Amino acid sequence: MAFLETLDIPTVGVAVAVAAVLAVVAYKSFTSKSRGCLHPDEFKKFKLVKRTQLSHNVAEFRFALPTPTSVLGLPIGKHISCKGEDATGAEVIKPYTPTTLDSDVGYFELVIKMYPQGRMSHHFREMCVGDYLAVKGPKGRFNYQVGQVRAFGMLAGGSGITPMYQVARAILENPGDKTKVHLIYANVTFEDILLKEELDGLAAGYPGSFKVYYVLNQPPEVWNGGVGFVSKEMIKAHCPPPASDIQILRCGPPPMNKAMAAILEDLGYSSEMQFQF
């Protein structure tokens, strides 16, 4: 009691007020950091720390985040805008979807297919370890919440696999997410298939939740996947049928997206059951 009697009440009040202010500042600091390293309107630069050539025109680029525990802060299904220069030195801005999630701390990765005449392809082709890439985001209309659908059907073509892989991986690696994923992935040749090892790993690791069906326009002699273009029969066989609790995601070259939209409509998938990245 003697101790309590010696306390200066105004001093205690000030101390409590200061502690409250510090708690608010700490909370704001924490939540700011937890949002990640991106800014939706301002480009930030990230250092290329590793470049792995996957084929003659495909490479995986790893960019370091500010600290080993930093996260990019990209919600599931969102993409980033990357800024570079084309062969003439003109500025180019193009969207890309990282193949990493926020569970991959300290870095993010992009798998890039570099086309001969691609303006941003030129920038990536010229990038060396130690160079910086200007990035802003998150961008995109897709919003995902656990349990929003019972199952996803995915129709991907070429480099359109990256948002599909990101969404599929996020779903499958979350023990609380029971969403099923059915992917049809189309390419011209076997060598054009991006992330095949990773996709096959998901199929093997989550056999009850993830299925992938590959389609090639020019298949090798020994091939057990689809041949030609993605057809109505393939979608009926490998995607969930029309229902209020499913959604079909599309991402590929414009001609493919247009053809898939027409086929899906013929099969009875309403506009609400479809989303195009």
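These figures come from a predicted structure and were not determined experimentally. (Residues numbered from 1 in each chain as written. Predicted model: local features only at pLDDT ≥ 70, side-chain atom pairs only at ≥ 80, totals over all residues. Heavy atoms only, no water.)

1. Some remarks on the overall build of the chain
Within the chain, the secondary structure is distributed over seven helices and twelve strands. A burial count over the chain gives 44% of its 277 residues as buried. At a minimum sequence separation of 6, the contacts of the chain that also span at least 24 residues come to 72%. Within the structure as shown, the chain displays about 14,800 Å² of accessible surface, and the carbon and sulfur contribution to it stands at 58%. (Helix = DSSP H or I, 4+ residues; strand = E, 2+ residues; numbered from the N terminus. Buried < 20%, exposed > 50% of the residue type's maximum accessible area, 1.4 Å probe, protein only. Contact = heavy atoms within 4.5 Å. Areas by Shrake-Rupley, 256 points an atom, 1.4 Å probe, with all protein chains shown as cover.)

2. A word on the pattern of salt bridges
The full count for this structure, using the stated rule, is seven salt bridges. Linking D192 and K113 is a salt bridge whose minimum nitrogen-to-oxygen distance equals 3.5 Å. Note that D192 is positioned in the loop between β8 (180–187) and α5 (196–205) and K113 in strand β5 (residues 107–113), a separation of 79 residues in sequence. With respect to burial, D192 and K113 carry one shared label: buried. The closest approach of N and O atoms between R169 and E173, which form a salt bridge, is 2.7 Å. Given a relative accessible area of 10%, R169 falls into the buried group. (Salt bridge = Lys/Arg side-chain N within 4 Å of Asp/Glu carboxyl O.)

3. Details of the pairing of β8
Counting buried positions over the eight residues of β8 gives six, a clear majority of the element. Across seven bridges, the pairing between strand β7 (residues 151–157) and β8 is parallel. Pairing of G157 across the sheet is with A186, part of β8. Across seven bridges, β8 lies against strand β9 (residues 210–216) in parallel orientation. Residue pairing for β9: A186 is matched across the bridge by V215. Handedness of the β8-α5-β9 crossover: right-handed. (Pairing = 2+ DSSP bridges. Right-handed = clockwise from strand over helix to strand, strands pointing away.)

4. Brief notes about the environment of L216
Inspection of the secondary structure puts L216 in strand β9. With 28 residues separating them in the primary sequence, L216 and V188 have C-alpha atoms 5.2 Å apart.

5. Focus on the packing of aromatic side chains
Given two aromatic rings, one states the distance between the centres and the angle between the planes to describe the pair. In total, this model carries eleven aromatic pairs according to the counting rule given. For the pair F142 and F152, a centre-to-centre distance of 6.3 Å together with 55° between the ring planes defines the contact as tilted. Highlighted residues: F142 in the loop between β6 (132–139) and β7 and F152 in strand β7, separated in sequence by ten residues. Just as F142 is buried, F152 falls in that class too. When the centroid spacing of 6.4 Å and the interplanar angle of 50° are considered together, the rings of Y185 and Y214 count as tilted. Taken together, the positions of Y185 in strand β8 and Y214 in strand β9 put the pair 29 residues apart, joining distant regions of the chain. In this structure, Y185 and Y214 share a single accessibility class: buried. (Phe/Tyr/Trp six-rings, centres within 6.5 Å; stacked < 30°, edge-to-face > 60°.)

6. As for helix α3 (residues 119–126)
The set of residues buried in α3 consists of M120, S121, H123 and F124. When α3 is viewed along its axis, its buried side chains cluster within an angular range of 155° and face the same direction. Packed against the buried residues of α3 are β1 (44–55), β2 (58–64), β3 (79–85), β4 (91–96), β5 and β6. (Arc of directions from axis to C-beta.)

7. Here we look at the nonpolar core
M154, I161, M164, L183, Y185, L199 and F210 are the most contacted members of the largest nonpolar core, which has 29 residues in total. Among the elements that make up this core, the one with the highest residue count is helix α4 (residues 161–172) (seven residues). Among all residues touching L199, those that are not within four sequence positions of it are I161, Y165, L183, Y185, L194, F210 and Y214. Residues L48, A59, I80 and V135 belong to the second largest nonpolar core, which totals 23 residues. (Core = buried A, V, L, I, M, F, W, Y, C linked by side-chain atoms within 4.5 Å.)

8. With respect to the packing of α4 against α5
Closest axis-to-axis distance for the α4/α5 pair is 11 Å, and the angle between their directions is 30°. Here α5 runs roughly parallel to α4, going by the angle between their axes. When the axes of α4 and α5 are compared, the crossing they make is left-handed. In this structure, α4 contributes I161, Y165, R169 and L172 to the contact, and α5 contributes E198, L199 and L202. (Axes fitted to C-alpha atoms, helices over the stretch in contact; angles between N-to-C directions. Parallel < 35°, antiparallel > 145°, perpendicular 65-115°, else oblique. Left-handed = near helix turned anticlockwise from the far one by under 90°.)

9. Remarks on the sheet that holds β1
In space, the six strands of this open sheet follow the order β4-β3-β6-β1-β2-β5, with antiparallel pairing throughout. Across the chains shown, the open sheet's two edge strands, defined by having one partner strand only, are β4 and β5. This sheet shows a mean twist of 35° between the axes of neighbouring strands, independent of strand direction. Pairing analysis gives four bridges linking β1 to β6, with the strands arranged antiparallel. Bridge pairing in β6 places K47 opposite Y132. Sheet strands touched by α3: β1, β2, β3, β4, β5 and β6. Its angle to β3, the strand with the most contacts, is close to 80°.

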